[in-house]
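Reading the structure
Below are the chains, spelled out letter by letter.
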Amino acid sequence: MTQNLADASRSAAVPAARTAANTGASRGGWWRDAVIYQVYPRSFADGNGDGMGDLPGIRSRLPYLRDLGVDAVWLSPFYASPQADAGYDVADYRAVDPMFGTLLDADALIRDAHDLGLRIIVDLVPNHSSDQHEWFQRALREGPGSPLRERYHFRPGKGEDGELPPNDWESIFGGPAWTRTTDPDGAPGDWYLHLFAPEQPDFNWDNPAVADEFRSILRFWLDMGVDGFRIDVAHGMVKAPGLPDLGSHDQLKLLGNDVMPFFDQDGVHAIYRSWRQILDEYPGDRIGVAEAWTPTVQRTANYVRPDELHQAFNFQYLGTGWDAAALREVIDVSLDSMRPVGAPTTWVLSNHDVTRHATRFANPPGLGTQIRTPGDRALGLRRARAASLLMLALPGSAYVYQGEELGLPDVTDLPDEVRQDPSFFRQAGQDGFRDGCRVPIPWSGTEAPYGFGPNAGGPSWLPQPAEWAHLSVEAQTGDPTSTLELYRSAIAVRREQPALGAGTAVEWLPAPEGVLAFRRESAGGAFVCTVNTTGETVRIPAPGRMLLSSTEAVVTENGAELPADSTAWWAV
Ligand code: GLC
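Definitions and limits used
- Residues numbered from 1 in each chain as written.
- Predicted model: local features only at pLDDT ≥ 70, side-chain atom pairs only at ≥ 80, totals over all residues.
- Heavy atoms only, no water.
- Salt bridge = Lys/Arg side-chain N within 4 Å of Asp/Glu carboxyl O.
- Helix = DSSP H or I, 4+ residues; strand = E, 2+ residues; numbered from the N terminus.
- Pairing = 2+ DSSP bridges.
- Contact = heavy atoms within 4.5 Å.
- Axes fitted to C-alpha atoms, helices over the stretch in contact; angles between N-to-C directions.
- Phe/Tyr/Trp six-rings, centres within 6.5 Å; stacked < 30°, edge-to-face > 60°.
- Buried < 20%, exposed > 50% of the residue type's maximum accessible area, 1.4 Å probe, protein only.
- Parallel < 35°, antiparallel > 145°, perpendicular 65-115°, else oblique.
- Left-handed = near helix turned anticlockwise from the far one by under 90°.
- Near = heavy atom within 4 Å.
- Polar contact = N/O pair within 3.5 Å; in protein donor to acceptor, adjacent residues only side chain to side chain.
- Areas by Shrake-Rupley, 256 points an atom, 1.4 Å probe, with all protein chains shown as cover.
- Nonpolar A, V, L, I, M, F, W, Y, C, P; charged D, E, K, R; others polar.
- Core = buried A, V, L, I, M, F, W, Y, C linked by side-chain atoms within 4.5 Å.
- pLDDT = per-residue confidence, 0-100.

**What to know about the pattern of salt bridges**
Pairing between side chains of opposite charge can happen when their charged atoms approach one another. Per the counting criterion, the structure on display carries 31 salt bridges. We note a salt bridge from Asp-245 to Lys-158, for which the minimum N-O separation is 3.6 Å. Of the two residues, Asp-245 sits in the loop between strand S9 (228-231) and helix H8 (251-254) while Lys-158 sits in the loop between strand S6 (154-155) and strand S7 (178-182), which places them 87 residues apart along the sequence. Close ionic contact of Arg-434 with Asp-421 constitutes a salt bridge, the shortest N to O distance being 2.9 Å. Here the residue Arg-434 occupies a position in the loop between helix H15 (422-426) and helix H16 (473-476), and Asp-421 occupies one in the loop between strand S13 (397-401) and H15, the gap between them amounting to 13 residues.

**Describing the sheet that holds S9**
As summarised here, the arrangement of the eight strands in space is S11-S10-S9-S5-S2-S1-S13-S12, forming an open sheet in which the pairing is parallel. The open sheet terminates on both sides in strands that have one partner only, identified here as strand S11 (311-312) and strand S12 (346-348). Pairing of S12 with S13 involves three bridges; the strand directions are parallel. Bridge pairing in S13 links Trp-347 to Ala-398. Relative to the sheet, helix H7 (residues 208-223) contacts strand S5 (119-124) and S9, its axis offset from that of S5 by approximately 155 degrees.

**Some details on the packing of aromatic side chains**
Each aromatic ring pair is described using two quantities: the centre-to-centre distance and the angle formed by the ring planes. Counted under the stated rule, the structure contains 35 aromatic pairs. Taking 5.5 Å as the distance between ring centres and 80 degrees as the angle between the ring planes, the aromatic pair formed by Tyr-272 and Trp-275 counts as edge-to-face. Here Tyr-272 and its partner Trp-275 are both found in helix H9 (residues 268-281), three residues apart, which amounts to about one turn of the helix. An angle of 50 degrees between the planes, with centres 5.8 Å apart, marks the rings of Trp-322 and Phe-361 as tilted. Of this pair, Trp-322 sits in the loop between helix H11 (315-318) and helix H12 (324-338) while Phe-361 sits in the loop between helix H13 (357-360) and helix H14 (377-393); the two residues are 39 residues apart in sequence, bridging distant segments of the chain. Like Phe-361, Trp-322 is buried. By the ring-pair criterion, three or more aromatic residues cluster together here, those being Tyr-93, Trp-135, Phe-136, Tyr-152, Phe-154, Tyr-192, Phe-203, Trp-205, Phe-214, Tyr-272, Trp-275 and Tyr-303.

**Structural notes on the packing of H14 against helix H17 (residues 483-496)**
Orientation of H14 relative to H17, taken along the N-to-C sense of each, is 10 degrees, at an axis distance of 10 Å. In terms of orientation, H14 and H17 fall into the roughly parallel class. Handedness of the crossing formed by H14 with H17: right-handed. Facing H14, whose interface residues are Leu-381, Arg-385, Ser-388, Leu-389, Met-391 and Leu-392, H17 presents Thr-483, Leu-486, Tyr-487, Ala-490, Ile-491 and Arg-494.

**Quick look at the site of the ligand**
If you check the shell around the ligand, you find 15 residues, and the closest are Asp-85, Asp-232, Glu-291, His-352 and Asp-353. One of the side-chain nitrogen or oxygen atoms of Asp-232 is found 2.9 Å away from an oxygen atom of the ligand. A distance of 3.0 Å separates an oxygen atom of the ligand from a polar atom in the side chain of Arg-434. Here the ligand, which alone exposes 310 Å², has 99% of that area covered by the protein. Of the residues in the shell around the ligand, the class split is five nonpolar, three polar and seven charged.

**Regarding the nonpolar core**
In terms of nonpolar packing, the biggest core is built from 144 residues, with Leu-65, Trp-221 and Trp-569 touching the most fellow members. Of all the elements, H7 adds the most residues to this core, at eight residues. Among the nonpolar cores identified, the runner-up in size contains 16 residues, and Ile-172, Trp-191, Leu-195 and Met-260 belong to it.

**So, the confidence of the model for the chain**
Summing up the model confidence of the chain, the mean pLDDT is 93 and the portion of residues at 70 or higher is 95%. Between residues 1-27, whose pLDDT stays under 50, and residues either more than four places distant or in other chains, the model counts 68 contacts.

**Comments concerning the pairing of S5**
The buried count for S5 comes to six of six residues, which makes it a mostly enclosed element. Every second residue of S5 is oriented toward a common face, with Arg-119, Ile-121 and Asp-123 on one face and Ile-120, Val-122 and Leu-124 on the other, all of them buried. By the bridge criterion, four bridges tie strand S2 (residues 72-75) to S5 in an arrangement that is parallel. Along S5, the bridge assignment pairs Trp-74 with Ile-121. In this sheet, S9 lies alongside S5 in parallel orientation, the contact comprising four bridges. Note that in S9 the partner of Ile-121 across the bridge is Gly-228.

**Observations concerning the pairing of strand S4 (residues 92-96)**
Judged by how many residues are buried, S4 sits mostly within the fold: five of five residues are covered. With two bridges joining them, strand S3 (residues 79-80) and S4 adopt antiparallel strand pairing. Bridge assignment links Tyr-79 to a residue of S4, and that residue is Val-96.

**Focus on the sheet that holds strand S16 (residues 527-532)**
Spatially, the five strands line up as an open sheet ordered S14-S15-S16-S21-S18, and their pairing is antiparallel. At either end of the open sheet lies a strand with only one pairing partner, and these are strand S14 (507-508) and strand S18 (545-549). Strands in contact with H12 are S14 and strand S15 (515-520); relative to S15, the strand with the most contacts, it is inclined by about 30 degrees. Along the sheet, H17 makes contact with S18 and strand S21 (566-571), crossing S18 at roughly 135 degrees.

**Structural notes on the environment of Asp-33**
Looking at the element boundaries, Asp-33 is found in the loop between helix H1 (5-10) and strand S1 (35-39). Here Asp-33 falls in the buried class, since its relative accessible area comes to 14%. For the pair Asp-33 and Arg-299, spaced 266 residues apart in sequence, the C-alpha to C-alpha distance is 22 Å.

Set out below in structure tokens:
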């Protein structure tokens, strides 16, 4: 499956440098208030009927995304990969995996998207490669002393015969972060570092060949016309000198709370300064987006300083429960942290790594982002719709994960034998339930795969629940009460109302306990968003003319009745 890097780039029968799509007037950087839609290629649309989504499938559904009204599409990895971690294990960064199509398909997809006014952001995975990557394979073959070993972290083991890992680091997916190699002569050899699965060896970013290679990969995709990169594990590339022990055996719990010797090291920022120079060389506002797990939003802000990346995911927001006080606090902290560096705040509720928010909010708080119980579905959906309207009313850029616009819940009862999340297997089924948010999208019809693939009754790589027939795009289109139409209307209003998306602040208005009310001001007019996070109807003076509501709200001369778990938008 691994394609030779040089051959793959030579065979790229695509035009040379092309400028990015010009989608509308410049708003001081298109990304500042963009709605960006995440496509998970395995699960979006299957063009050839093999049960696996692919690039031609995505291409055929671009008009749907244009009509939804989003500004850009972020594609999770579609590169050549053995799929040990669903494509986040890249064997060849310049080739498309045959399961997804070809480079020509990627080229056609980028062109079509631009013609429709959509920008394309691709995923870049620089912390680790696949163990099938040519460099790693050569490093293994050539044995100790091979210069290729310097591009990864190979170390002798501890103990009398090197039988113990070189340090105490644990893999995010469970078990030690080290795997022992076998030397070419068959003897037990050095160990290599993999913060994720053993099939994902970490690059050594102190080696200049690694940095050079990634600068070249950036240019390859920029020349293909992409509008930016979502950078996977953007906080991981630089490790503390000497790879010191952590001294704890509960490292997963520390993630995101403490500075770790393998995450959020200050050295990563030099990499982003060098990448920013490359992005800026290209016309059309190309961007970099950091997937950075850091202990605080303030540390996340370091990734989006003016000479680094453009956006960083706001995981603190994603991790906040359905609670007015907690939401208000995270919104304030997020806006306050980004303002000094001049970067837009981002807002995200779901992605391919966490339980969908319709299911998170259906369950009691405090269960984290890997949940296996469906909870109260109706409650979850009501809150999810309200949370989505809140997110789309905040200043900055919002990320929508495919299927959330359909109100899809997580599939919590997937049989173990169909699961593919590597973490599920490394944690002996105790964790790693990410397949539940990766189930293919229902498009139409009454029978699985619901238009995901071309044939009725055809396959889908994960089974779709029977009740998804009612949640398909076809079933929801034209139904004013559907979640899909709510998203379409919300994104359309966001485009029309200059007070939405733009700016860097919200003005909080007095509101009853459990209710959030904020005002956004702009030259074009003011806007108010009200959010009732309580389980009761709350009556308030009507803030203005209602534009949109996640659950039908009643406005009378005496005021507005905000139903339980609902958000409303008002023009004032
Ligand atoms: C990121 C991806 C996740 C992947 C991991 C390792 O967190 O979002 O899906 O498993 O990196 O590449």
